[in-house]
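# Chain and residue survey
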Number of protein chains: 2
Amino acid sequence: MWRHILLYGVLAGVLVAVLRGIEYRWLVIDHSLEIYGGLVAAVFASVGIWLGLKLTRKRIEIREVLVPAPAVFVRDEAQVSALGLTPRELEILEFMAAGLSNKEIAEQAFVSENTVKTHASRVLDKLGAARRTQAIQRAKELRLIA
Amino acid sequence: MWRHILLYGVLAGVLVAVLRGIEYRWLVIDHSLEIYGGLVAAVFASVGIWLGLKLTRKRIEIREVLVPAPAVFVRDEAQVSALGLTPRELEILEFMAAGLSNKEIAEQAFVSENTVKTHASRVLDKLGAARRTQAIQRAKELRLIA
DNA sequence: TCGAAAATCACCCTTTCTGGTGACGCGCGG
DNA sequence: CCGCGCGTCACCAGAAAGGGTGATTTTCGA
């Protein structure tokens with residue numbers, strides 16, 4: 001805003017100078033008053049229009065419309081670190097949410113079923129869940145999994 | 001647009017008339033040229049600004065932003081009838097998805113745990129799931145539950 | 001390179017879940 | 001009135017899941 005005011009001031013000064021020049025020419029060369037007034041009017045009208053445009057250029061109205069978007073899933077890393085969940089545990093959590101049994105997860109993750117159990121137990125513990133269904137529900141609430 | 005041009009023309013005419021009046025006054029009362037020019041400048045600058053604002057007033061940019069809307073859940077009744085799921089079974093399915101154990105569901109639904117087991121078994125059977133986690137995953141895919 | 005965190009695996013015991021079978025009552029339409 | 005779908009309940013055996021403890025290896029940053 002101040003930049004605009006300053007700019008306007010400078011412009012006013014310049015135009016006064018121009019005015020003087022025009023006045024001088026008017027005095028020397030015998031031009032009519034109408035031409036002088038017309039010139040001034042034209043110049044200031046242009047400046048005014050330009051200023052008006054300048055002032056309103058940034059006033060675009062951003063209307064945010066709620067559209068059912070696919071909503072790309074973004075994991076809440078803050079929650080992940082807050083709960084102290086390791087990458088492997090998150091992986092096992094996703095497998096659990098996919099409806100796989102410990103044995104199936106073991107096959108998919110290339111580890112033993114006992115290892116999966118260990119990870120699963122830690123996940124349940126960290127999520128404060130007593131059952132894997134509850135863990136899944138919580139994980140989705142906390143945006144840990146899709 | 002044509003209205004603006006017309007308006008501008010009319011205004012120009014009016015202002016020329018005003019100009020004439022000012023000129024007359026200038027001739028009668030001995031005012032300086034600077035005041036005359038300043039007045040004209042001020043008037044036309046104002047008009048210009050007003051015009052600029054007028055021209056850009058309608059130029060609001062409507063930017064539709066895709067925002068993840070809450071997306072109200074609507075159960076796929078077609079799927080429900082296709083799978084032959086009864087209201088009670090859907091109810092138990094929702095409890096399962098909430099992470100409750102059979103015992104807890106029994107308390108919530110005011111029935112015995114055995115009854116919950118029966119319902120749960122039928123739900124698993126109808127959804128072609130081997131585990132309740134899988135049933136929940138399928139149910140969400142098929143839009144049976146939120 | 002040293003140590004902590006992470007990942008891996010095993011064993012035992014309890015709880016929960018699943019599958020199968022059978023049974024009873026209730027309401028509704030043929 | 002009888003059958004059928006639905007909801008209810010029970011029992012049992014086996015599978016899966018969960019809790020606890022302990023241990024080894026890997027990884028990675030100070």
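These figures come from a predicted structure and were not determined experimentally. (Residues numbered from 1 in each chain as written. Chains lettered and ligands numbered in written order. Predicted model: local features only at pLDDT ≥ 70, side-chain atom pairs only at ≥ 80, totals over all residues. Heavy atoms only, no water.)

## Examining the nonpolar core
Here is the rule we go by: By nonpolar core is meant a set of buried Ala, Val, Leu, Ile, Met, Phe, Trp, Tyr and Cys residues that side-chain atoms within 4.5 Å join together. Using a 1.4 Å probe on the protein chains alone, a residue whose accessible area is under 20% of its type maximum counts as buried, one over 50% counts as exposed, and one in between counts as partly exposed. A run of DSSP states H or I qualifies as a helix once it reaches four residues; a run of E qualifies as a strand once it reaches two. Both are numbered from the N-terminal end. Residue contacts are defined here by distance: any two heavy atoms, one from each residue, within 4.5 Å place the two residues in contact.
Counting 23 residues, the largest nonpolar core has Leu93(B), Met96(B), Ile105(B), Leu127(B) and Leu144(B) as the members making the most contacts within it. At the level of secondary structure, the elements contributing two or more residues to this core comprise helix 4 (87-97), helix 5 (102-109), helix 6 (113-127) and helix 7 (132-141) of chain B. If one sorts the elements of this core by residue count, helix 4 of chain B sits on top with six residues. Setting aside its immediate chain neighbours within four residues, Met96(B) contacts Thr133(A), Ile105(B), Ala120(B), Val123(B), Arg132(B) and Ile136(B). By size, the runner-up hydrophobic cluster in this structure holds 22 residues, among which are Val80(A), Phe95(A), Ala106(A) and Ala109(A).

## Some thoughts on unusual backbone geometry
With a phi angle near 60 degrees, Arg143(A) is a residue other than glycine that sits in the positive phi range. The exposure class of Arg143(A) is partly exposed, given its relative accessible area of 40%. In this structure, Phe110(B) takes a positive phi of about 60 degrees despite not being glycine. With respect to the secondary-structure elements, Phe110(B) resides in the loop between helix 5 and helix 6. With relative accessibility at 75%, the residue Phe110(B) sits in the exposed group.

## Some words on the layout of surface pockets
Put simply, the rule is: As defined here, a cavity is a set of points on a 1 Å grid over the protein atoms alone where a 1.4 Å probe fits but cannot get out. A pocket is an open set with protein on both sides within 12 Å along at least five of seven lines, and residues line them when an atom is within 4 Å of a point. Grid points are joined across faces, edges and corners, and a volume is the space filled by probe spheres set on the points. Residue polarity follows a fixed list, in which Ala, Val, Leu, Ile, Met, Phe, Trp, Tyr, Cys and Pro are nonpolar, Asp, Glu, Lys and Arg are charged, and the others, Gly among them, are polar.
One number sums up the size of the largest pocket: a volume of about 670 Å³. For the largest pocket, the lining is made up of 20 residues, of which Pro70(A), Ala71(A), Arg143(A), Ala146(A) and Arg143(B) are closest to its centre. Its residues placed into classes, the lining of the largest pocket shows 14 nonpolar, one polar and five charged.

## Some words on the protein's contact with DNA strand D
Condition: Near is defined per residue: the residue qualifies when any heavy atom it owns lies within 4 Å of the molecule or strand. Distance and chemistry together define a polar contact, namely a pair of N or O atoms within 3.5 Å, with one atom able to donate a hydrogen and the other to accept it when in protein, and with adjacent residues in sequence counting only for side-chain atoms on both sides.
Neighbouring DNA strand D are 19 residues; Arg132(A), Thr86(B), Arg88(B), Ser112(B) and Thr115(B) lie closest to it. Atoms of DNA strand D within 4 Å of the protein: sugar and phosphate make up 78%, bases the balance. Within the contact set of DNA strand D, a phosphate oxygen lies 2.8 Å away from a side-chain nitrogen or oxygen of Thr115(B). Elements supplying a minimum of two residues to the surface near DNA strand D: helix 5 (102-109) and helix 6 (113-127) of chain A together with helix 4 and helix 6 of chain B.

## Examining the packing of helix 4 of chain B against helix 6 of chain B
All names here are of chain B. Operational definition: Angles here are taken between N-to-C directions and fall from 0 to 180 degrees, while the axes themselves are lines fitted to C-alpha atoms, restricted in helices to the stretch in contact. Every angle not falling under 35 degrees, over 145, or within 65 to 115 is termed oblique; those three ranges are roughly parallel, roughly antiparallel and roughly perpendicular.
Running from amino to carboxyl end, helix 4 crosses helix 6 at an angle of 95 degrees, the nearest separation of the two axes being 9 Å. Between helix 4 and helix 6, the interaxial angle falls into the category roughly perpendicular. Residues Arg88, Glu89, Ile92, Leu93 and Met96 of helix 4 pack against His119, Ala120, Arg122, Val123, Lys126 and Leu127 of helix 6. Taken together, the residues that form the contact of helix 4 with helix 6 break down as six nonpolar, one polar and four charged.

## Points about the protein's contact with DNA strand C
Taken together, 20 residues lie near DNA strand C, and Thr86(A), Ser112(A), Thr115(A), His119(A) and Arg132(B) sit nearest. Among atoms of DNA strand C positioned within 4 Å of the protein, sugar and phosphate together represent 73%. Asn102(B) places a polar main-chain atom, nitrogen or oxygen, 3.0 Å from a phosphate oxygen of DNA strand C. Elements represented by at least two residues in the surface near DNA strand C include exactly helix 4 (87-97) and helix 6 of chain A together with helix 5 and helix 6 of chain B. Counting residues per element, the surface near DNA strand C draws most heavily on helix 6 of chain A, which supplies four residues. Classifying every residue of the surface near DNA strand C gives five nonpolar, nine polar and six charged.

## Overview of the side chain of His119(B)
All names here are of chain B. Positionally, His119 belongs in helix 6. For His119, a relative accessible area of 15% corresponds to the buried category. Discounting residues that sit within four places of it in the chain, His119 has contacts with Arg88, Glu89 and Ile92.

## Side note on the pattern of salt bridges
Between side chains of opposite charge, pairing is possible as soon as their charged atoms come close. All names here are of chain A. Our working rule: We count a salt bridge whenever a side-chain nitrogen from Lys or Arg sits within 4 Å of a carboxyl oxygen from Asp or Glu.
In total, this model carries eight salt bridges over all chains according to the counting rule given. The closest approach of N and O atoms between Glu94 and Arg75, which form a salt bridge, is 2.6 Å. Taken together, the residues span a long stretch of sequence, with Glu94 in helix 4 and Arg75 in the loop between helix 2 (33-57) and helix 3 (77-83) at a distance of 19 residues. Relative accessible area serves as the criterion here: at 36%, Glu94 is assigned to the partly exposed category.

## So, helix 5 of chain A
All names here are of chain A. Put simply, the rule reads: Here the arc refers to the directions that run from the helix axis out to each C-beta atom.
All of the buried residues in helix 5 are Asn102, Ile105, Ala106 and Ala109. Axial view of helix 5: buried residues confined to an arc of 105 degrees, hence all on one face. Away from its buried face by more than 90 degrees, helix 5 exposes Lys103 and Glu107. In the stretch just after helix 5, Phe110 is the one whose phi turns positive, near 60 degrees.

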